[in-house]
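# Breakdown of the fold
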Amino acid sequence: MSARLDPTYRATAVEALGDDEIDVLVIGGGVVGAGAALDAASRGLSVTLVEARDFAAGTSSRSSKLIHGGLRYLEQLDFWLVREALKERGLLLNKLAPHLVRPVSFLLPLQHRVWERAYIGAGVALYDTIGGARALPMHRHLTRTRALELAPALREDSMTGAIRYFDAQVDDARHTMTIARTAAQHGATVLTRTKVTGLLRDGERVIGAQVTDLETGREHTVRARRVISATGVWTDEMNRMTGVEFPFHVRTSKGVHILVPRERLDLDTGLIMRTEKSVLFVIPWHQHWIIGTTDTDWSLNKDHPAASNADVQYILDHVNAVLRDPLTRDDIVGTYAGLRPLVSGASSDTAKLSREHAVAEPVPGLFVIAGGKYTTYRVMAADVVDAAVQGLGRAVAPSVTEKLPLLGAVGYQEMAADLDSLAQRTGLSKATVEHLLGRYGSAVHDLFELIAEDPTLGEPLAGAEEYLAAEVVYAVTHEGALHLDDVLTRRTRISIEASDRGLLAAPEVAFLIGARLGWDAADAERELSRYRDRVEAELAANQAADDEAANAARLVAVA
């Protein structure tokens with residue numbers, strides 16, 4: 001099967017919607033939905049995934065971009081959750097997605113001389129070993145002098161010493177999209193801009209869904225033996241379609257991050273610091289640092305959560321507490337806000353709600369997966385598919401995704417070890433080849449072919465020089481991008497990495513993708529106008545005093 005999600009693929013797949021009853025309909029194109037589609041397809045089931053917006057358009061593109069066990073969950077005694085997450089971290093690093101997931105080191109400053117080093121050191125030692133986690137270097141205890149050598153940006157009085165440990169990071173949006181492409185490679189139909197507007201019923205049983213193609217407005221009836229809802233923060237909205245009382249609900253917690261230029265902080269490692277509410281990370285991210293996050297209840301618009309002035313100030317206040325040269329708002333080049341789907345419990349504090357997941361069958365034929373954390377998406381996907389295939393009427397193989405590398409993983413290590421000859425053969429710089437390998441893995445050959453056919457595609461984008469024109473074209477010809485926002489916000493991260501939020505790069509990107517999507521001048525201007533409005537609305541939200549005002553400012557632009 002092809003993993004080339006180009007406009008022809010989409011047109012053909014949409015036209016065929018509803019032709020035959022399928023085994024599994026997956027609703028939601030975040031990391032868990034994409035994971036469920038891959039899990040089911042790789043077991044030999046017929047699968048269709050529908051997503052109302054774009055792959056990873058919600059929570060799955062707005063995380064801290066870490067693949068981690070959750071060091072702080074040890075303090076909450078969630079040993080099982082940490083063990084499970086660390087096992088998944090090892091699989092992603094070594095087998096499933098080594099081209100997308102890579103090690104990152106963190107410095108954990110200590111404030112007290114004796115008891116804290118022993119207490120936290122014991123926790124980090126457990127973190128290094130629990131669940132077969134030795135996929136990364138072991139932690140090390142550092143004196144204050146040694147810690148300051150690694151992190152000159154820190155004030156001397158900000159710590160008595162430190163512990164350095166390792167975790168892993170990922171471009172969450174690219175990873176989610178790659179899972180969806182891998183599902184397509186295994187026979188699943190994966191479609192964005194296709195919204196479920198109702199459930200099909202045979203008596204009490206759910207037997208499919210009404211789906212609207214948002215690109216054309218056409219409605220389709222999709223019949224399925226099993227329906228899986230992996231709708232994240234929209235779980236309760238999906239539940240309301242069933243008309244029955246549900247065993248759990250999902251509360252949303254907002255997490256905000258800011259990006260500052262890499263040269264602005266003199267650090268050779270990331271940082272992790274405790275706050276009164278949660279933890280604050282300073283995470284190396286290409287030419288930037290990602291700093292966050294917040295953890296506050298959110299009950300407003302779920303499609304477009306907004307970062308307020310209070311959120312940004314909270315992050316600045318906490319990171320500046322340890323910096324020699326404090327950051328200012330002028331240093332911020334990007335801001336983003338995401339929502340965590342938390343399975344609600346008795347606690348009113350979102351920081352204490354469970355990061356574990358739940359699977360339920362509220363009505364026959366409909367299986368809902370909710371909660372969890374990004375790192376454990378594969379386990380969540382396998383659990384909900386396991387539940388869904390019970391009673392299907394035929395034997396279904398167990399999950400194989402623990403052993404199934406994602407698209408671009410096979411052959412990646414060999415190519416990464418051969419950068420010099422790859423650069424020679426392609427005529428690209430070694431740095432460019434390394435950049436491409438870290439985004440596409442062994443699928444980078446597709447990019448090389450595009451550039452060989454049209455050498456101008458090997459040029460950097462004006463206003464976003466980290467990316468090549470070929471990457472923008474590839475987003476449309478292979479990765480399912482349909483709109484300007486898909487490319488600037490998720491296939492690349494230009495919208496948060498460029499100080500102008502991608503406005504300078506947008507016209508060239510629109511020209512490149514419009515030629516492949518059949519846009520005329522009016523289509524391109526409409527996309528550009530919508531993107532400009534979105535940027536203005538997000539910047540206005542960042543100046544708003546509180547959540548209500550930020551939400552109102554953001555909703556001025558609906559894109």
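From a predicted model like this one, the values you see are computed outputs, not experimental measurements.

### What about the pairing of strand E9 (residues 205-213)?
Look at any regular strand and the pattern is simple: side chains alternate between the two faces of the sheet. Summarising the sheet, strand E8 (residues 194-202) and E9 pair through 8 bridges and their orientation is antiparallel. Residue pairing in the sheet places Arg 201 in a bridge with Val 206 of E9. Between E8 and E9, which pair antiparallel and follow one another directly, the connecting turn spans 2 residues, one of which, Gly 203, has a positive phi of 70°. The antiparallel hairpin formed by E9 and strand E10 (residues 219-229) contains 5 residues in its connecting segment, where Gly 217 sits at a positive phi of about 85°.

### Comments concerning the environment of Leu 108
With respect to the helices and strands, Leu 108 occurs in strand E4 (residues 101-110). It is 7.9 Å that separates the C-alpha atoms of Leu 108 and Tyr 165, two residues lying 57 residues apart in sequence. Setting aside chain neighbours within four positions, we find Leu 108 in contact with Leu 71, Ile 120, Gly 161, Ala 162, Ile 163, Tyr 165 and Ile 272.

### Observations regarding the packing of aromatic side chains
Evaluation of the coordinates by the stated rule reveals 5 aromatic pairs. Here the aromatic rings of Tyr 374 and Tyr 377 are separated by 6.4 Å at their centres, their planes lie at 55°, and the arrangement is tilted. Judged on exposure class, the residue Tyr 374 and its partner Tyr 377 are both buried.

### Things to note about unusual backbone geometry
Positive phi is not limited to glycine here, since Arg 193 has a value of about 55°. Along the chain, Arg 193 turns up in the loop between strand E7 (189-191) and E8. The residue Arg 501 is not glycine, and still its phi comes out positive at about 65°.

### Regarding the nonpolar core
Counting residues in hydrophobic clusters, the biggest one holds 50 residues, and the most contacted among them are Val 26, Val 47, Val 101, Val 190 and Ile 228. Every element with two or more residues in this core is listed here: strand E1 (22-27), helix H2 (31-41), strand E2 (47-50), helix H4 (79-96), strand E6 (161-170), helix H7 (172-185), strand E18 (366-371) and helix H10 (377-389). For this core, the element with the highest residue contribution is H2, accounting for 8 residues. Two domains each donate at least three residues to this core, and these are domain 1 (7-60 + 174-248 + 345-403) and domain 2 (101-170 + 251-340).

### A closer look at the environment of Leu 555
Inspection of the secondary structure assignment puts Leu 555 in the segment after helix H20 (547-554). When the C-alpha atoms of Leu 555 and Pro 305 are compared, they prove to be 9.3 Å apart, with 250 residues separating the residues in sequence. If we skip the residues at most four places from it in the chain, Leu 555 touches Asn 301 and His 304.

### A look at the side chain of Thr 376
Relative to the elements of secondary structure, Thr 376 occurs in the loop between E18 and H10. Look past the residues within four positions of Thr 376 in its chain and what remains in contact with it is Glu 84, Ala 85 and Glu 88.

### Observations concerning the packing of H4 against H10
At their nearest, the axes of H4 and H10 sit 9 Å apart, and the two run at 105° to each other. As judged from the angle between their axes, H4 and H10 are roughly perpendicular. The residues of H10 that touch H4, namely those facing Glu 84, Glu 88, Leu 91, Leu 92 and Leu 96, are Tyr 377, Arg 378 and Val 379. Grouping the amino acids of the contact of H4 with H10 by side-chain chemistry returns 5 nonpolar, no polar and 3 charged.

### A closer look at the side chain of Glu 479
Among the secondary structure elements, Glu 479 is positioned in the loop between helix H15 (469-477) and helix H16 (484-491). When its relative accessible area of 1% is taken as the criterion, Glu 479 is described as buried. In terms of polar contacts, Glu 479 uses its side chain to reach the side chain of Arg 174, at 2.6 Å. When neighbours within four sequence positions are excluded, Glu 479 is seen to be in contact with Leu 5, Phe 55, Arg 174, Met 177, Arg 181, Tyr 440, Tyr 474 and Arg 491.

### With respect to H10
Taking 1.5 Å per residue as the helical rise, H10 with its 13 residues ought to reach 18 Å, and the 18 Å between its terminal C-alpha atoms agrees with that figure. Where H10 is concerned, the buried positions are Tyr 377, Arg 378, Val 379, Met 380, Ala 381, Ala 382, Val 384, Val 385, Ala 388 and Val 389. Along its buried surface, H10 packs onto H2, H4, H7, E10, strand E17 (357-363) and E18. Once H10 ends, the next one or two residues include Gly 391, with phi positive near 75°.

### Comments concerning the domain arrangement of the chain
Each assigned domain of the chain is listed with its residue range as follows: domain 1 (7-60 + 174-248 + 345-403), domain 2 (101-170 + 251-340) and domain 3 (412-519). Placing a centre on the C-alpha atoms of domain 1 and another on those of domain 2 gives a separation of 33 Å.

### What to know about helix H13 (residues 430-440)
Within the sequence span of H13, burial applies to Val 433, Leu 436, Leu 437, Gly 438, Arg 439 and Tyr 440. Just downstream of H13 lies Gly 441, where phi reads positive at about 60°.

Conventions adopted
- Counting of residues starts from 1 at the beginning of each chain's written sequence and follows it residue by residue.
- The model is predicted, so local features are restricted to residues of pLDDT at least 70 and side-chain atom pairs to those at 80 or more, both for listing and for counting; the totals for chains, interfaces and linings are taken over all residues.
- The side-chain numbers reported here are obtained from all heavy atoms of the structure, hydrogens and water having been left aside.
- Note: two strands are recorded as paired if DSSP finds a minimum of 2 bridges between them.
- Comment: elements are numbered from the N terminus, with helices defined as DSSP H or I runs of at least four residues and strands as E runs of at least two.
- We call two residues contacting when some pair of their heavy atoms lies within 4.5 Å.
- Think of it this way: a Phe, Tyr or Trp ring, Trp meaning its six-membered ring, pairs with another when their centres are within 6.5 Å, and the plane angle makes it stacked under 30 degrees, edge-to-face over 60, tilted otherwise.
- Each residue is assigned to one of three classes by its accessible area relative to the maximum for its type, calculated with a 1.4 Å probe on protein chains only: buried under 20%, partly exposed between the two thresholds, exposed over 50%.
- Buried Ala, Val, Leu, Ile, Met, Phe, Trp, Tyr and Cys residues that are joined via side-chain atoms within 4.5 Å together make up what is termed a nonpolar core.
- How far each domain reaches was decided by an automatic or database domain assignment.
- Working convention: axes come from line fits to C-alpha atoms, limited for helices to the stretch in contact. Angles between N-to-C directions cover 0 to 180 degrees.
- Any angle from 65 to 115 degrees is called roughly perpendicular, while one under 35 is roughly parallel, one over 145 is roughly antiparallel, and all others are oblique.
- For this scheme, ten residues count as nonpolar: Ala, Val, Leu, Ile, Met, Phe, Trp, Tyr, Cys and Pro. Four count as charged, namely Asp, Glu, Lys and Arg, and the remainder, Gly too, count as polar.
- The definition of a polar contact used here is a pair of N or O atoms within 3.5 Å, where within protein one atom must be able to donate a hydrogen and the other to accept one, and adjacent residues in sequence count solely through side-chain atom pairs.
- To estimate the expected span of a helix, count its residues, drop one, and scale the result by 1.5 Å.

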